[in-house]
Amino acid sequence: MQLTIEDVRKVAKLARLKLTPEEEELFVDQLGNILNYVEQLNEVDTENVLPMAHTAELTNVFRTDEPKTSIDRREALSNAPSTDGKYFLVPQILEGA
Amino acid sequence: MIHTQNVAQLQSLMTSGEATSRQIVQAHLDAIAQQNERVGAFLETFDESALQLADQIDEKRQKGEPLGPLAGIPVAIKDNLCIQGEVTSCASKMLSEFRSLYTSTAVQNLLDAGAIPLGRTNLDEFAMGSSCENSAIQLTRNPWNTDCAPGGSSGGSAAAVAARMAPIALGSDTGGSIRQPAALCGIVGMKPTYGRVSRYGLVAFASSLDQIGPFARTVDDAAALLEAVWGHDDRDSTSVNVEFPSLNISELSPIENLRIGIVPEHYGEGLDPEVQTAIDNAVQTYKELGAEIVELEMKHAKYGVAAYYIIAPSEASSNLSRYDGVHYGHRADNFENLTGMYEASRGEGFGPEVKRRIMIGAYALSSGYYDAYYLKALKIRRLIAQDYQQAFEKVDVVLSPTSPTPAFRIGELSDSPLQMYLNDIYTIGANLAGIPGISIPAGHTGDGLPVGMQLLAPAYEEVRLLRAAKMFESATEFHLAQPAEAP
């Protein structure tokens, strides 16, 4: 499996990660090596094997529908990088608004 | 020397009136003040709150009020477990100023048991790594040789217990992150069955693999700590609602006719000869204790690392998408628009290994590759779990090295991520299969570095695992060795 710099850039875009040119170069090699190592999984016949996403394989864990207290607004905003005291602030998201 | 005593010894000092909890906590804070500059295990100590809690315990004891099972015992906490009001950094620039709004169930259970959080310990950023070198905050050094890494990701907790700065500590284990540093630091480290300890308030790395567990210097102490933190919790939907047996293993006898499985393929390329010798000797010790040794075939064990390094990064890429520079965590100063803000904040906030894993995960989950990588890895995961199930029809526990080498030098593996990943070759299977595992001291190399032995048991058989481990501990003295302290 040979990765290209375009592959790395595409995945970085999907993952919302800004990489430096040096990181992009490094990841072409490093991720390529890791994916090459992982190729060995193809030696194993997995026809008719069910994927195992979880070891406990629990389904439908319910709790009683009782309201419980949660954090308040002040707490919710307390770690935010930017707020106006009521809301999380983000850069403008609509053109011309 | 108070700070060199184990939990059972500290408890008897308090019940006999020879020491107060305040004196015990202070002795450990003093040890940290003396040792931490050299070892770098702690990121922060909670001096004031720890002494306050100690005073409360001492007062209760004086009045004859009921006390929890770990009353007055200090414990170090890996810095990916939330404690209300304290920073939970995950050793990441992303969360360096993040203060937890609530306390994790594991830590709350400790507080309810009377234990005293002493401070937060270093880790590989977001628990991704096997050496603590991926911490964005500081290096942690192995107390046995400060040129060496303590292992990881819970290297701070392991080094703290090994260097007698804390008698016990909590860590988390996603692919060996408790057992491997325990082995490299010469102490006991245990990963319970998946679902035994609530993950509520544990910062998520790979949710189907993450499990909280204890570090200690004896099997009894590890059992006492595990018993205090485990239990069903409504706030973690993967917490299991099963029987939680008593872990007072000092009352339990050795296992008669213990059947131990060994896997010949474990003893191949990459295994350090001194580690192999220690494990061979351990097998011999068990034989002398009456155990039967059974050779096992684990056909898919060799694919564990490859499957893990698809599954764990895939889950991580999903879990870490929450760090967006909006609700909490680092936000970049310079960006053009919302997407640019996400990208710059994450690019600046995450270190190289975290980025690497997010990238692998995003790649494995991306359109066109999902079946070939992620789904394939999940199928191999089932085959590995089935191998263990079949093995446990023939044996009670499986024995192996914990790590292929003793502690390696800081910087030795940092240029080769794949070499670093292969450190987890013996530990990863337990996470993929969800079964419990323990690492206990099993020898020393010629250079005086500790060697760890791993035992694995079927799901929910922690009592069996602890009894088997204690048989070895009782017959050997490796766990009594202690690294030299700073003058």
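Residues numbered from 1 in each chain as written. Chains lettered and ligands numbered in written order. Predicted model: local features only at pLDDT ≥ 70, side-chain atom pairs only at ≥ 80, totals over all residues. Heavy atoms only, no water.

- Named according to an unreviewed UniProt entry, chain B is Glutamyl-tRNA(Gln) amidotransferase subunit A originating from Thalassoglobus neptunius.
- On record in UniProt, under Subunit (unreviewed entry), the comment for chain B is "Heterotrimer of A, B and C subunits."
- Taken directly from UniProt, the Function (unreviewed entry) text for chain B runs: "Allows the formation of correctly charged Gln-tRNA(Gln) through the transamidation of misacylated Glu-tRNA(Gln) in organisms which lack glutaminyl-tRNA synthetase. The reaction takes place in the presence of glutamine and ATP through an activated gamma-phospho-Glu-tRNA(Gln)." (UniProt positions renumbered as here; feature names shortened; annotations may be inferred.)

- Identification of chain A as Aspartyl/glutamyl-tRNA(Asn/Gln) amidotransferase subunit C from Thalassoglobus neptunius is taken from an unreviewed UniProt entry.
- Quoted verbatim from the Subunit (unreviewed entry) heading of the UniProt record, the comment on chain A is "Heterotrimer of A, B and C subunits."

1. Description of the overall build of chain B
Logical step 1: Of regular secondary structure, chain B possesses 15 helices and eleven strands.
Logical step 2: The C-alpha atoms of chain B give a radius of gyration of 21 Å, which matches the 23 Å a tight globule of 487 residues would have.
Logical step 3: By principal-axis analysis of the C-alpha atoms, chain B measures approximately 65 × 55 × 45 Å.
Logical step 4: In chain B, which comprises 487 residues, the proportion classed as buried is 66%.
Logical step 5: In chain B, 76% of the contacts between residues at least 6 apart in sequence involve partners at least 24 apart.
Logical step 6: A total of about 16500 Å² of accessible surface is found on chain B, and carbon and sulfur atoms cover 44% of it.
Logical step 7: Side chains of chain B carry 36 positive and 58 negative charges; the gap between the two charge centres is 4 Å. (Helix = DSSP H or I, 4+ residues; strand = E, 2+ residues; numbered from the N terminus. Rg over C-alpha atoms; globule rule 2.2 N^0.38 Å. Buried < 20%, exposed > 50% of the residue type's maximum accessible area, 1.4 Å probe, protein only. Contact = heavy atoms within 4.5 Å. Areas by Shrake-Rupley, 256 points an atom, 1.4 Å probe, with all protein chains shown as cover. Lys, Arg positive; Asp, Glu negative; His and termini not counted. Charge placed at Lys NZ, Arg CZ, Asp CG, Glu CD.)

2. What to know about the nonpolar core
Logical step 1: In this structure, B:Phe126, B:Phe350 and B:Met359 are the most contacted members of the largest nonpolar core, which totals 76 residues.
Logical step 2: Elements that contribute at least two residues to this core include exactly α1 (5–14) and α2 (21–38) of chain A together with α9 (304–319), α11 (352–365), α12 (370–394), α13 (417–421) and α14 (428–433) of chain B.
Logical step 3: In contact with B:Phe350, other than residues within four places in its own chain, are A:Leu17, B:Met94, B:Glu125, B:Phe126, B:Leu320, B:Tyr323, B:Lys355 and B:Ile358.
Logical step 4: Counting residues in hydrophobic clusters, the runner-up holds 66 residues, among them B:Met190, B:Leu202, B:Ile212 and B:Phe472. (Core = buried A, V, L, I, M, F, W, Y, C linked by side-chain atoms within 4.5 Å.)

3. What about the interface of chain B and chain A?
Logical step 1: Taken residue by residue, the interface counts 64 residues in chain B and 53 residues in chain A.
Logical step 2: Carbon and sulfur atoms make up 69% of the surface buried where chain B meets chain A, a total of about 5200 Å² over both sides.
Logical step 3: Our enumeration of links across chain B and chain A arrives at two salt bridges.
Logical step 4: One salt bridge connects A:Lys13 with B:Glu343, and the closest N-O pair in it is separated by 3.0 Å.
Logical step 5: Here chain B is connected to chain A by 18 residue pairs in polar contact (both at pLDDT 80 or more).
Logical step 6: Looking at the side of chain B that touches chain A, the elements that each hand over two or more residues are α9, α10 (338–349), α11, α12, α13 and α14 of chain B.
Logical step 7: Element by element, the count of residues in the side of chain B that touches chain A is highest for α12(B), at eleven residues. (Buried area = accessible area lost by both parts, 1.4 Å probe. Salt bridge = Lys/Arg side-chain N within 4 Å of Asp/Glu carboxyl O. Polar contact = N/O pair within 3.5 Å; in protein donor to acceptor, adjacent residues only side chain to side chain.)

4. Structural notes on the packing of α2(A) against α11(B)
Logical step 1: Close contact between α2(A) and α11(B) brings their axes to 11 Å; oriented N to C, the two are set at 60 degrees. The orientation of α2(A) relative to α11(B) falls into the category oblique. Regarding α2(A) and α11(B), the two cross each other, and that crossing is right-handed. When α2(A) is examined against α11(B), the residues A:Glu23, A:Phe27, A:Gln30, A:Leu31, A:Ile34 and A:Leu35 are found in contact with a partner set consisting of B:Pro352, B:Lys355, B:Arg356, B:Met359, B:Ile360 and B:Tyr363.
Logical step 2: Looking at side-chain class alone, the contact of α2(A) with α11(B) contains eight nonpolar, one polar and three charged residues. (Axes fitted to C-alpha atoms, helices over the stretch in contact; angles between N-to-C directions. Parallel < 35°, antiparallel > 145°, perpendicular 65-115°, else oblique. Left-handed = near helix turned anticlockwise from the far one by under 90°. Nonpolar A, V, L, I, M, F, W, Y, C, P; charged D, E, K, R; others polar.)

5. Let's talk about the pairing of strand β8 (residues 292–295) of chain B
Here is the key point about a regular strand: its side chains alternate between the two faces of the sheet.
Logical step 1: Here strand β7 (residues 259–262) of chain B pairs with β8(B) via four bridges, running parallel. The partner of B:Gly261 across the bridge, within β8(B), is B:Val294. (Pairing = 2+ DSSP bridges.)

6. Some details on the packing of aromatic side chains
Residues and elements named next belong to chain B.
Logical step 1: Within this structure, the stated rule accounts for 16 aromatic pairs over all chains.
Logical step 2: Between the aromatic rings of Tyr363 and Tyr369, the centroid separation amounts to 4.5 Å while the plane-to-plane angle is 25 degrees, which identifies the pairing as stacked.
Logical step 3: Among the aromatic side chains, those forming a connected cluster through ring pairs are Phe98, Phe126, Tyr323, Tyr328 and Phe350.
Logical step 4: In this structure, Arg196 is placed above the aromatic ring of Phe244, and the distance from its NZ or CZ to the ring centre is 4.8 Å. (Phe/Tyr/Trp six-rings, centres within 6.5 Å; stacked < 30°, edge-to-face > 60°. Lys NZ or Arg CZ within 6 Å of the ring centre and 35° of its normal.)

7. Some points on helix α15 (residues 462–475) of chain B
An α-helical segment advances 3.6 residues per turn. Residues three or four places apart therefore align on the same side.
Residue and element names in this part refer to chain B.
Logical step 1: Its 14 residues place the ends of α15 20 Å apart at the C-alpha level, agreeing with the 20 Å of an ideal helix rising 1.5 Å per residue.
Logical step 2: With respect to burial, α15 is a largely interior element, ten of its 14 residues being buried.
Logical step 3: Within α15, the full set of buried residues consists of Glu462, Val463, Leu465, Leu466, Ala468, Ala469, Lys470, Met471, Phe472 and Glu473.
Logical step 4: Lining the buried residues of α15 we find β5 (188–191), α7 (219–229), α8 (273–288), β9 (397–401), β10 (437–444) and β11 (450–456). (Expected span 1.5 Å × (residues − 1).)

8. Comments concerning a nonpolar patch on the surface
Residues and elements named next belong to chain A.
Logical step 1: A grouping of Val90, Ile93 and Leu94 is seen on the molecular surface, where their side chains present a nonpolar patch of about 300 Å² in accessible area.
Logical step 2: When you line up the elements, Leu94 lands in the segment after α3 (73–77).
Logical step 3: For Leu94, a relative accessible area of 57% translates into the label exposed. (Patch = residues over 30% accessible without salt bridge, like charges linked within 9 Å, V, L, I, M, F, W, Y side chains within 5 Å.)

9. Description of the sheet that holds β5(B)
Residue and element names in this part refer to chain B.
Logical step 1: Strand order in the open sheet made by the eleven strands is β1-β3-β2-β4-β6-β5-β10-β11-β9-β7-β8, with mixed pairing throughout. Either end of the sheet is taken by a strand with one partner, and the two such strands are β1 (42–45) and β8. Pairwise comparison of adjacent strand axes, ignoring direction, gives a mean angle of 30 degrees for this sheet.
Logical step 2: In terms of strand pairing, strand β4 (residues 168–173) meets strand β6 (residues 211–216) through six bridges, oriented antiparallel. Paired with Ile168 across the two strands is Ala216, which belongs to β6.
Logical step 3: Together, β7, β8, β9, β10 and β11 form the strand contacts of α8, whose direction differs from that of β11 by roughly 50 degrees.

10. Considerations on the UniProt feature "domain: Amidase" (unreviewed entry) in chain B
Logical step 1: Following the UniProt record, one finds the feature "domain: Amidase" (unreviewed entry) at residues 24–466 of chain B.
Logical step 2: Regarding residues 24–466 of chain B, the helix share stands at 37% and the strand share at 13%, and the terminal C-alpha atoms are separated by 27 Å.

11. Comments concerning the packing of α1(A) against α11(B)
Logical step 1: Relative orientation of the contacting elements α1(A) and α11(B) amounts to 95 degrees, with a least axis distance of 9 Å. If you check the angle between α1(A) and α11(B), you find them roughly perpendicular. On the side of α1(A), the interface is formed by A:Val8, A:Val11 and A:Ala12, while α11(B) contributes B:Met359, B:Ala362 and B:Tyr363.
Logical step 2: Partitioning the contact of α1(A) with α11(B) into residue classes produces six nonpolar, no polar and no charged.

12. So, the UniProt feature "active site" (unreviewed entry) in chain B
Residues and elements named next belong to chain B.
Logical step 1: Per the UniProt annotation, the sites labelled "active site" (unreviewed entry) are Lys78, Ser153 and Ser177. Across 100 residues in sequence, these annotated residues keep their C-alpha atoms within 11.0 Å of one another, forming a single compact spot.
Logical step 2: Relative to the elements of secondary structure, Ser153 occurs in the loop between β3 (116–121) and α5 (155–162).
Logical step 3: In this view, Ser153 contacts Lys78, Asn122, Leu123, Asp124, Ala127, Met128, Gly129, Ser130, Cys132, Ser172 and Ser177; residues no more than four positions away in its chain are not counted.
Logical step 4: Relative to the helices and strands, Ser177 resides in the loop between β4 and α6 (179–185).
Logical step 5: Residue classification places Ser177 among the buried positions, given a relative accessible area of 6%.
Logical step 6: Sequence-distant contacts of Ser177, that is, excluding residues within four places in its chain, are made with Lys78, Ala127, Gly129, Gly152, Ser153, Ser154, Ser172 and Phe215.

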